[in-house]
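Below, each chain spelled out in residue letters.
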Amino acid sequence: MNRSDPTPRVGMVSLGCPKATVDTERILTRLRAEGYEITPEYGEADLVIVNTCGFIEEAVAESLDAIGEAIQENGKVIVTGCLGARRDVILAAHPKVLAVTGPHATDEVMALVHRHLPKPHDPFVDLVPPQGVRVTPAHYAYLKISEGCNHRCTFCIIPQLRGDLVSRPIHEIMEEAEALVASGVKEILVVSQDTSAYGVDLNYRTGFWQGRPVKQRLTELAKLLGELGVWVRLHYVYPYPSVDELIPLMAEGKILPYLDIPFQHASPKILQLMKRPAATEKVLERIRKWRSICPDLTIRSTFITGFPGETEYDFELLLQFLEAAQLDRVGVFPYSPVEGAAANELPDPVPEAIREERRIRLLAFQEDISTQRLERWIGREIDVLVEEIDEEGAVARSAADAPEIDGLVYVANGAALTPGEFARVRVVDCDVHDLYAETV
Ligand code: SF4
């Protein structure tokens, strides 16, 4: 095909009942709204969608014939509709189809179209660039995988504000992730209220990505993101048993060996008052196991001091947990009542001065642990992502440093490095939060 007009064109063959026709209309509407042209000619189309019927054998035969004709006349064919539910039948007859989806799958079909025939982008019409408007630097981006939360932590009102967990379909997340990578992003930071719960609300139903069936679950999503060739960092992960499945992916270098787990406390009594899972011993055991599989794992967490009912004994339990867990990075907040939170009704509030005093004590206690954890990098070569160049050299981040909240890697002889690019450095020193390195 040799056309001067670059507008992408899609052909559509629609078979089956009125429900299938509605699906066809939905797909055509979305295509037109996104700027694709629709053509009735196979020869003019860049790609053809065949919406099939699988009701009776004649309909199956008619659908298979239509797919065969489209492949012969055009070559690039996406199959959707009722017969799509019998993927094996289609692939056995026509192994060359680009992808197959079931019925009522407008989103999946659109994702497939975007993949095989990128959306037209007109900067004079589209005010938003393909990767969306972002406020982060060009080399890293946050990727939200769900909204809302099924927990009811007593200090938090997010479920009241945003409702229960609603996970995004996996193809939508992957489409956004691919667009980010195509726009130059080198690091994707996966966020949500509760990242490990991804897909719970979908019953982990199978979704589709690139024509492949894929379970909508965090492990599967992490694997797909790990194939994009950029850093993938997971935030707000709760230590559910399924998190164990992520550790081998980290050990193999598919995703960053980094877990941000907001433990909040370690005293069973306080965890119960917070309505958080209260199995501190098990958590310690699992951290040990994770580190035996992935020694470079960095664990970051946050804690609250002075939660209502917290005694000196509870606080001591928290310090003992920190000693045993040897976390790499720790953030601490004094308890602060949020309007509308259930915790406000709890007895025995802790005076503000003690909340703050415990926060400072906790930070001081953690300092030695954090420093010792960083010391293990000294003498090693690591990859860093360069943030900026200043008069003292390059400022970068390692796999152990999330932007804004963790430490930095200062590369004194790194003035020639490029912001937004990876570099290889040797670590020569550290302090409580940061590493000091030189280029290799
Ligand atoms: S603190 Fe996090 S896990 Fe707990 S209710 Fe709020 S959003 Fe959900």
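Residues numbered from 1 in each chain as written. Predicted model: local features only at pLDDT ≥ 70, side-chain atom pairs only at ≥ 80, totals over all residues. Heavy atoms only, no water.

For the protein, the name recorded in an unreviewed UniProt entry is Ribosomal protein uS12 methylthiotransferase RimO, with Hydrogenophilus thermoluteolus as its organism.

### With respect to the overall build of the protein
So the rule is basically this: Here a helix means four or more residues in a row that DSSP labels H or I, a strand means two or more in a row labelled E, and each is numbered from the N terminus. Each residue is placed in one exposure class: buried if its accessible area under a 1.4 Å probe, protein chains only, is under 20% of its type's maximum, exposed if it is over 50%, and partly exposed if it falls in between. In this description, contact between two residues means that some pair of their heavy atoms is separated by no more than 4.5 Å. Methods summary: accessible areas were calculated by the Shrake-Rupley approach with a probe of 1.4 Å, and residue burial reflects only the protein chains presented.
Across its full length, the protein carries 12 helices and 20 strands. In terms of overall dimensions, the protein has a C-alpha envelope of 75 × 55 × 40 Å along the principal axes. Sorting the 440 residues of the protein into buried and exposed places 50% on the buried side. The contacts in the protein between residues at least 6 apart in sequence include a share of 71% that link residues at least 24 apart. Surface accessibility of the protein: about 20,600 Å² in total, with carbon and sulfur atoms responsible for 54%.

### Let's talk about the pattern of salt bridges
In plain terms, the rule: Salt bridge, as used here, is a side-chain nitrogen of Lys or Arg placed within 4 Å of a carboxyl oxygen of Asp or Glu.
If you walk through the whole model with that rule in mind, you get 36 salt bridges. Put simply, R291 and D328 hold a salt bridge, and the shortest N to O gap is 3.2 Å. Taken together, the residues R291 in helix α10 (residues 280-293) and D328 in the loop between α11 (312-325) and β15 (329-334) connect sequence positions 37 residues apart. Beyond isolated ion pairs, a larger network of salt bridges with shared partners links E310, E312, E316, E357, R358 and R361.

### Describing the nonpolar core
This is how it is decided: Only buried residues count toward a nonpolar core, which is a set of Ala, Val, Leu, Ile, Met, Phe, Trp, Tyr and Cys residues joined through side-chain atoms within 4.5 Å.
Core analysis: the biggest nonpolar cluster contains 52 residues, and F321 and L327 have the highest contact counts within it. Tallying contributions element by element places α11 first for this core, with six residues. Beyond its immediate chain neighbours, meaning those up to four positions away, L327 contacts F263, I287, R291, I299, S301, F303, F321, L322, Q366, I369 and R373.

### So, the UniProt feature "binding site: [4Fe-4S] cluster 1" (unreviewed entry) in the protein
Stated precisely, the cut-off is as follows: UniProt positions are given in the numbering used here, feature names are shortened, and annotations may be inferred rather than shown by experiment.
As annotated in UniProt, the feature "binding site: [4Fe-4S] cluster 1" (unreviewed entry) corresponds to C17, C53 and C82 in the numbering used here. Spanning 66 residues, the named residues form one tight spatial group whose C-alpha atoms are at most 9.9 Å apart. Tracing the sequence through the fold places C17 in the loop between β1 (9-14) and α1 (18-33). Apart from the residues within four sequence positions on either side, C82 is in contact with T52, C53, G54 and P103.

### Concerning the environment of G84
With respect to the helices, strands and loops of the structure, G84 is situated in the loop between β4 (77-81) and α3 (87-93). Residue G84 is classed as buried on the basis of its relative accessible area of 8%. For the pair formed by G84 and T101, sequence separation is 17 residues and the distance between their alpha carbons is 5.2 Å. Apart from residues lying up to four places away in sequence, G84 is in contact with T52, I90, V100, T101 and G102.

### Re the packing of α11 against helix α12 (residues 352-375)
Pairs of packed helices are described in terms of their axes, by the angle between the two and the distance that separates them. Put simply, the rule reads: Every axis corresponds to a line fitted to the C-alpha atoms, with the helix fit spanning only the stretch in contact, and the corresponding angles, defined between N-to-C directions, vary from 0 to 180 degrees. Working rule for angles: under 35 degrees goes down as roughly parallel, over 145 as roughly antiparallel, 65 to 115 as roughly perpendicular, anything else as oblique. Note on convention: near helix rotated counterclockwise from far helix by under a right angle means a left-handed crossing. Clockwise means right-handed. In this classification, Asp, Glu, Lys and Arg are treated as charged, Ala, Val, Leu, Ile, Met, Phe, Trp, Tyr, Cys and Pro as nonpolar, and every other residue, Gly included, as polar.
Running from N to C, α11 and α12 cross one another at 20°; their axes reach a closest spacing of 10 Å. Comparing their axes, α12 and α11 come out roughly parallel. α12 is crossed by α11, and the crossing has right-handed handedness. Here α11 contributes E312, F315, E316, L318, L319, L322 and E323 to the contact with α12, which in turn contributes R358, R361, L362, F365, Q366 and I369. When grouped by side-chain class, the residues that make up the contact of α11 with α12 number seven nonpolar, one polar and five charged.

### A closer look at the sheet that holds β4
Rules: The rule for pairing is simple: two strands pair if DSSP sees at least two bridges between them.
Spatially, five strands are ordered β2-β1-β3-β4-β5 in an open sheet, and the strand pairing comes out parallel. Each edge of the open sheet is held by one strand with a lone partner, namely β2 (37-39) and β5 (99-100). As defined by bridge partners, strand β3 (residues 47-52) adjoins β4 across five bridges and the pair is classed as parallel. Counterpart to T52 in the pairing with β4 is G81. Most of the contacts of helix α2 (residues 57-73) go to β3, to which it runs at about 180°, and overall it touches β1, β3 and β4. Most of the contacts of helix α4 (residues 106-116) go to β4, to which it runs at about 175°, and overall it touches β3, β4 and β5.

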